[in-house]
Amino acid sequence: MTVNSTNHGGRWLVRRPLLVIALSAGIAALTAAGTATRPIGTARVHDHLSSPDAVALRLLGAPSAAARTKPETPADRAIQFETLLGHHSILAADMMRARLRADPDFAQAADAALSKNTAALSGLVEVLAGDKAEYQFGYLWKTHIQALFNYARGLADHDTAVREAARKSLLDYEGRLASFFAGLSHGRLDPVTARAAVTMHVDHLLRQADAYAQHDYVTAGALYRQSYDHTFGLGKAIASAVLTPAQAATLAAPDWTLRSELARLLGEHVALAVGAMRSGYAHWPDFTAVAGSLNANTLDLTGAIDGIFGAPAAHAFQPLWADHVDQLIRYTAAVAGHNDGQRRAAVARLGEFEQQFAAFLDGATAHRLAASAMARGMAMHDQMLMRQIDAFAAKKYQQAHDIAYTTYTDAGGYSGVLGAAFAATTMARAPRGGIQTGYGGMATLVERR
């Protein structure tokens, strides 16, 4: 995806029309298209991925006691699964790039984040299919990650033998993992289709590493986004096949579709914001490309707002969100330049954004999202992004990764809060008749998912 943007004193201004979010449905679309879109909770899982209610408690204040004890639904678990798989794609690409840049301390911290993500995925598989399935999945997934690391090592060292050995290992892994997921689905997931989807996931990661090694950062950035999009969607496809047909049917509901899309877009925002901040601080040569990807995500979020609330809301949203991104980059520049005045100015402007954005959400949802609660949530989001770059600047890479990991996780829960209010707002203004009459402003998202 090409983004035309202009840098004015560090400010990245979007110069493209609004986008309409393209949402596909099912694993067949994952394998047919080059860029596709797009199970039972335990304490172990929640060590790594908070439930939406837990995130609401932390971000927005304490909801009712009923909300705190509300059991998770199959739709909640599907959101967790696709969010975790999408995060795997981000963490794997970041680990490979760190190896290519010869950042051993940073690469080690990235590997630790991948291990945390793997443990969370394994926890979901364990509860869904038992200890044996968890062990089998864990072994295959760790082998996959090790092969990706070896591939990046071969690229960095210009060692063709190491790279080809890693590729061969990944080919074997693809078939075995596809068979594993097909087995869990009791025949609902075709092994050939599953393998094609897993192969595409690996192909995206290898090609983005190849492009990064060749200093083709624009191509690497495009593949980074495609990989995330595809793998996030792969999570839905697997969850839909592994859940019972009755449970999987809930994933086609428009409110779930909206929540899933928000989780994808907000999770990508976190990943790209973290990437741009770190690249800007460290003067990595990929900064311009990462900033362009972050702009593209802003356009996609704007397109979602357009589809839900209409063009006037989208025009109000875009400059607010772009300024939010801009101030995060300004904060990073201040940290890099040891400029306390500029740092305080960025923090103050973010505080203004948080109030303005909260008021925007309150108005757009007809007061279903209280401005005070939204401001608290956005303040925590911004504070965590600033804390991770502070830790990165202090060379506390493990701490930086831990904070970024939690920030990404919270985005999934935050999407549940926003999605519920957005869905209620659009359904309230929709004419009677449900899907036949378009679900109000959700029609664009629902029909194209």
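Note that the coordinates shown come from a computational prediction; the quantities given were computed from them, not determined experimentally.

(A) Spatial organisation of the overall build of the protein chain. On a plain count of helices and strands, the protein chain comes out with 18 helices and 2 strands. Classification of the 449 residues of the protein chain by burial places 58% in the buried group. Here the protein chain displays about 17300 Å² of accessible surface, and carbon together with sulfur accounts for 56% of that area.

(B) Structural view of the packing of aromatic side chains. This structure, assessed with the given rule, holds 21 aromatic pairs. Taking 5.7 Å as the distance between ring centres and 55 degrees as the angle between the ring planes, the aromatic pair formed by Tyr228 and Phe232 counts as tilted. Placement of the pair is Tyr228 and Phe232 together in helix α10 (residues 217–242), with a separation of 4 residues, close to one helical turn. There is no split in this pair, since Tyr228 and Phe232 are both buried.

(C) Focus on helix α9 (residues 191–213). Between its terminal C-alpha atoms α9 stretches 33 Å, which fits the 33 Å expected from 23 residues at 1.5 Å a residue. Among the residues trailing α9, His215 stands out with phi positive, at a value near 65 degrees.

(D) Structural detail: the environment of Tyr397. Note on placement: Tyr397 falls in helix α17 (residues 397–429). Overall, the relative accessible area of 17% leaves Tyr397 in the buried class. For the pair formed by Tyr397 and Ala110, sequence separation is 287 residues and the distance between their alpha carbons is 8.3 Å. Discounting chain neighbours no more than four positions away, the residues touching Tyr397 are Asp105, Phe106, Ala109 and Phe392.

(E) Structural detail: the packing of helix α12 (residues 254–282) against helix α14 (residues 311–337). Look at α12 against α14: their axes get within 9 Å of each other, and the N-to-C directions meet at 30 degrees. When the axes of α12 and α14 are compared, the pair comes out roughly parallel. Seen along the crossing, α12 lies across α14 with a hand that is right-handed. Within the contact between the two elements, α12 uses Leu266, His269, Ala276, Met277, Gly280 and Tyr281 and α14 uses Trp321, His324, Val325, Leu328, Ile329, Thr332, Val335 and Ala336. For the contact of α12 with α14, the class distribution of residues is 10 nonpolar, 4 polar and no charged.

(F) View of the confidence of the model for the protein chain. Of the residues in the protein chain, 79% have a pLDDT of 70 or more, and the chain-wide mean is 81. Confidence drops under pLDDT 50 across residues 1–53; counting only partners more than four residues distant or on other chains, this segment forms 157 contacts. Within the model, the stretch residues 62–69 combines pLDDT values under 50 with 6 contacts to residues more than four positions away or in other chains.

(G) Representation of empty space enclosed by the protein. Put simply, the largest cavity is a space of about 210 Å³. Residue lining of the largest cavity: 15 residues in total, with Asp94, Arg97, Tyr224, Gly275 and Asp286 positioned closest to the centre. For the lining of the largest cavity, the secondary-structure elements that each account for two or more residues are α5 (74–100), α10, α12 and α13 (287–309). Here the lining of the largest cavity gets 5 residues from one element, more than from any other, and that element is α12. When the residues that make up the lining of the largest cavity are grouped by side-chain class, the tally is 6 nonpolar, 4 polar and 5 charged.

(H) Fine view of unusual backbone geometry. A positive phi angle, near 65 degrees, is found at His215, a position not held by glycine. Summarising the element assignment, His215 is placed in the loop between α9 and α10. Taking the relative accessible area as the measure of exposure, His215 reaches 58% and is therefore exposed. With a phi angle near 55 degrees, His338 is a residue other than glycine that sits in the positive phi range. Tracing the sequence through the fold places His338 in the loop between α14 and α15 (340–364). For His338, a relative accessible area of 69% puts it in the exposed group.

(I) Local environment of α15. An ideal rise of 1.5 Å per residue puts 36 Å on 25 residues; α15 measures up with 36 Å between its terminal C-alpha atoms. Of all the residues in α15, the buried ones are Ala346, Leu350, Phe353, Glu354, Phe357, Ala358, Phe360, Leu361, Asp362 and Ala364. Between a side-chain oxygen at the N-terminus of α15 and the backbone nitrogen of Gly341 the separation is 3.2 Å; the capping residue is Asn339. Two residues or fewer after α15 comes Ala366, characterised by a positive phi angle close to 55 degrees.

(J) The arrangement of the packing of α14 against helix α16 (residues 371–393) in detail. Viewed as axis vectors pointing N to C, α14 and α16 meet at an angle of 30 degrees, and their least axial separation amounts to 10 Å. Classified by the angle their axes make, α14 and α16 are roughly parallel. Where α14 crosses over α16, the handedness of that crossing is right-handed. Listed contacts from α16 to Trp321, His324, Leu328, Tyr331, Thr332 and Val335 of α14 are Met378, His381, Asp382, Leu385, Met386, Ile389, Asp390 and Ala393. When the residues that make up the contact of α14 with α16 are grouped by side-chain class, the tally is 9 nonpolar, 3 polar and 2 charged.

(K) Quick look at the environment of Gln327. By the element assignment, Gln327 lies in helix α14. On the basis of relative accessibility, which here comes to 8%, the residue Gln327 falls in the buried class. Considered as a pair, Gln327 and Phe353 are 26 residues apart in the sequence and their alpha carbons are 9.3 Å apart. Look past the residues within four positions of Gln327 in its chain and what remains in contact with it is Ala346, Arg349 and Leu350.

Each value, and the rule that gives it
- All chains use their own residue numbering, which begins from 1 and follows the written sequence.
- Selection of residues for local features in this predicted model requires a pLDDT of at least 70, selection of side-chain atom pairs for listing and counting requires 80 or more, and totals for whole chains, interfaces and linings are taken over all residues.
- Derived side-chain values reflect all non-hydrogen atoms in the structure, with water molecules and hydrogen atoms excluded from consideration.
- Runs of H or I in DSSP of at least four residues are treated as helices and runs of E of at least two as strands, each being numbered from the N terminus.
- Residue burial is assigned from relative accessible area. The probe radius is 1.4 Å, only protein chains are included, and a residue is buried under 20% of its type maximum, exposed over 50%, and partly exposed in between.
- In these tables, accessible area is a Shrake-Rupley quantity obtained with a 1.4 Å probe, and a residue counts as shielded only by the protein chains included in the view.
- Ring pairs are drawn from Phe, Tyr and Trp, using the six-membered ring of Trp, whenever the two centres fall within 6.5 Å, and their geometry is named by plane angle: stacked under 30 degrees, edge-to-face over 60, tilted for the rest.
- In a helix, the anticipated span is given by 1.5 Å times the number of residues less one.
- Contact between two residues is taken to exist if any of their heavy atoms lie within 4.5 Å; hydrogens are not considered.
- Each axis is a line fitted through C-alpha atoms, and for a helix only the stretch in contact is used; angles between axes span 0 to 180 degrees, taken between their N-to-C directions.
- Each angle is binned into one of four classes, with values under 35 degrees roughly parallel, values over 145 roughly antiparallel, values of 65 to 115 roughly perpendicular, and all other values oblique.
- Take the far helix as your reference; a near helix turned counterclockwise from it by less than a right angle gives a left-handed crossing, and one turned clockwise gives a right-handed crossing.
- Just so you know the grouping, Ala, Val, Leu, Ile, Met, Phe, Trp, Tyr, Cys and Pro go in nonpolar, Asp, Glu, Lys and Arg go in charged, and all remaining residues, Gly too, go in polar.
- Known as pLDDT, the predictor's confidence for each residue is given on a scale from 0 to 100.
- Space inside and on the surface of the protein is sampled on a 1 Å grid over the protein atoms alone, with a cavity defined as a set of points where a 1.4 Å probe fits but cannot get out and a pocket as an open set with protein on both sides within 12 Å along at least 5 of 7 lines; lining residues have an atom within 4 Å of a point.
- Grid points are joined across faces, edges and corners, and a volume is the space filled by probe spheres set on the points.
- Pairing of N or O atoms within 3.5 Å defines a polar contact, subject to two protein rules: one partner must be a possible hydrogen donor and the other a possible acceptor, and residues neighboring in sequence count only if both atoms are side-chain atoms.

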